[in-house]
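Here's the letter readout for the chains.
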Amino acid sequence: MQRPSHLKSVTRALITTLAAAASLVGVVGRAQAQPGTLWAWGQNWFGQLGDGTDADRWTPVQTLGLTDVVAIAGGNRSSLALRNDGTVWAWGSNAYQMADGTVADRWTPVQIMELTNVVALAGGDHHVVLRNDGTVWGWGRNDYGQLGDGTGTGRTKPVQAQGVSNVVAVAAGWFHTVALRSDGTVWAWGDNGYGQLGDGSIVDLSTTPVQVSGLTNVVAVSSAGWHSLALRRDGTVWSWGDNANGQLGDGTDTRRNTPVQVQGLASVVAVASAIQHSLAVRSDGTVWGWGFNAGGALGDGTMTERWTPVQTLGMTNVVAVSAGNDQSLALRGDGTVWAWGENAFGNLGDGTDTIRLTPVQTLGLSNAGAVATYGYHCLALIGRGLAGSVALGQYVASTSGIPVTLVLRNPGSTAALETKTVLLDAAGNFSFQTARQGTYDLSVKSSHWLRKVVPVTISAGGVTGVVASLLNGDVNGDNTVNISDFLALRAAFGSSSGSGNWNPNADLNGDGSVNVADFLILRSRFGASGDA
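The rules behind each value
- Residues numbered from 1 in each chain as written.
- Predicted model: local features only at pLDDT ≥ 70, side-chain atom pairs only at ≥ 80, totals over all residues.
- Heavy atoms only, no water.
- Helix = DSSP H or I, 4+ residues; strand = E, 2+ residues; numbered from the N terminus.
- Buried < 20%, exposed > 50% of the residue type's maximum accessible area, 1.4 Å probe, protein only.
- Contact = heavy atoms within 4.5 Å.
- Areas by Shrake-Rupley, 256 points an atom, 1.4 Å probe, with all protein chains shown as cover.
- Phe/Tyr/Trp six-rings, centres within 6.5 Å; stacked < 30°, edge-to-face > 60°.
- pLDDT = per-residue confidence, 0-100.
- Pairing = 2+ DSSP bridges.
- Axes fitted to C-alpha atoms, helices over the stretch in contact; angles between N-to-C directions.

Draft legend 1. The arrangement of the overall build of the chain in detail. The number of helices and strands found in the chain is 3 helices and 33 strands. Buried positions account for 59% of the 532 residues belonging to the chain. Sequence separation of 24 or more characterises 54% of the internal contacts of the chain that already satisfy a separation of 6 or more. Only carbon and sulfur atoms are counted for the fraction: they give 51% of the accessible area of the chain, which is about 18,200 Å².

Draft legend 2. Expanded view of the packing of aromatic side chains. Overall, the coordinates contain 7 aromatic pairs when judged by the stated rule. Ring geometry for Trp 174 against Tyr 374: centres 6.3 Å apart, planes inclined by 15°, an arrangement best described as stacked. One end of the pair, Trp 174, is in the loop between β12 (167-172) and β13 (176-181); the other, Tyr 374, is in strand β28 (residues 368-374), with 200 residues separating them in the sequence. Judged by relative accessible area, Trp 174 falls into the buried class, the value being 14%.

Draft legend 3. Structural context of the confidence of the model for the chain. In this model, the chain carries a mean pLDDT of 81, and residues with pLDDT of at least 70 account for 80%. Across residues 385-399, where pLDDT falls below 50, the model places 57 contacts with residues more than four positions away in sequence or in other chains.

Draft legend 4. Structural context of the sheet that holds strand β6 (residues 88-92). Taken in spatial order, the 4 strands make up an open sheet running β4-β5-β6-β7, and their pairing is antiparallel. Sheet topology places β4 (69-75) and β7 (106-111) at the edges, where each strand pairs with a single neighbour. On average, each strand axis in the sheet is tilted by 20° relative to the strand beside it, whichever way the strands run. Bridge count for strand β5 (residues 78-83) against β6 is 5 bridges, and the pairing is antiparallel. Each bridged residue has a counterpart across the sheet, and for Leu 82 the counterpart in β6 is Val 88.

Laid out in structure tokens, this is it:
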């Protein structure tokens, strides 16, 4: 199998010439966009914007037929969405990425019929998803074993990656896949021509998962091209694989087959990688980038390649980032989307095709909750979770002794029949006794945990062992996990009991300090709400 030669750069002249061949039409996104809807802009040659056309768009247009979306991912000339019911939808280029048994491109979303209970997704030339049982499934190209099923056979239907379990996050590189397990270790499979498996080997590829060497306490991973990033619990970033443009951030252009630490970065809460550059968000809301910069993708006002991180100019209050081929996206805490870098296809969404060396606001978007980019097209999710692939249930809080208030009501009623305060045990469970018999709604409330309604049936012997899946994240107690909670947690970042900015409600995993792990818990709950 012939590996594509590494491209040191892509000339703007070629991109502009190609863009001229397409119809470039812009439609401004509407302020009344409903939560859970998806908007897209940029290159659309294969229908990857999902608006029913193949016309490039210089400002956001709505992807058709999708509602109640909770997570998004860009692929190579295709796109993915996860709905709240656990189903996955795809559109765009279809070299088996649609898993529908055909190679017909799709200009509007189609459901991946074989998948249920999905909690996270990642896209490339192959697509990968994580199910709520901790298993990884993929489909599409597999010539380097990137699906992890032990073969090199492309798949038109999802297959399970072998030998890896308890996975909590996934990322898709160009021809390889990365998975984060619940024990904080990282695993990879597929192409290894640039050391992107990170296990120190010199083998060409692996069709089954191998462990990335030396990484522990990892809380997030990212991959897009031939390199990968890992964010550790202590806020440091580690990288491995291709480094021809300094995208590993270690001050060299030497490829690495085991992880090295990105220089000069601390207190990082989010990372994103593209083919030739990388991004990070620090706890103070600033954005930092390194690697290829001929298109301005680092946003530092220059076109100078950077082998160590530099700060993106003018970006504050950022809560998430995503990196495309030569452009970058940021989501700010006020729900606005900002972009910088290459813009030949309108991929910055500012209504022009002008390259931008510093960030500009994407037009017509408000209340955004997630962003994603891959190739030369971009996506934004309105009113739902923050960007990133962090599975629900990734962290289990230390819950012993936390008081919760239980309110018993008749089904559908707001009137309280009985109120009790109990303590959770170490597993997060509670029990109580009542003389009432019948079927009721049980509301579970705690000062900094999301409210939850549990239907219960009470027999003559009472009711015991009722378990509520309390989803923490409501730091400010307003019954919704939203940007306000994210900002409150960020203000307390790095604190512990006795610190001036200590906020015990922000210690979501109960480990005694507010750190990266708490950020990722909140991110996975973002957009959720409970009963009044």
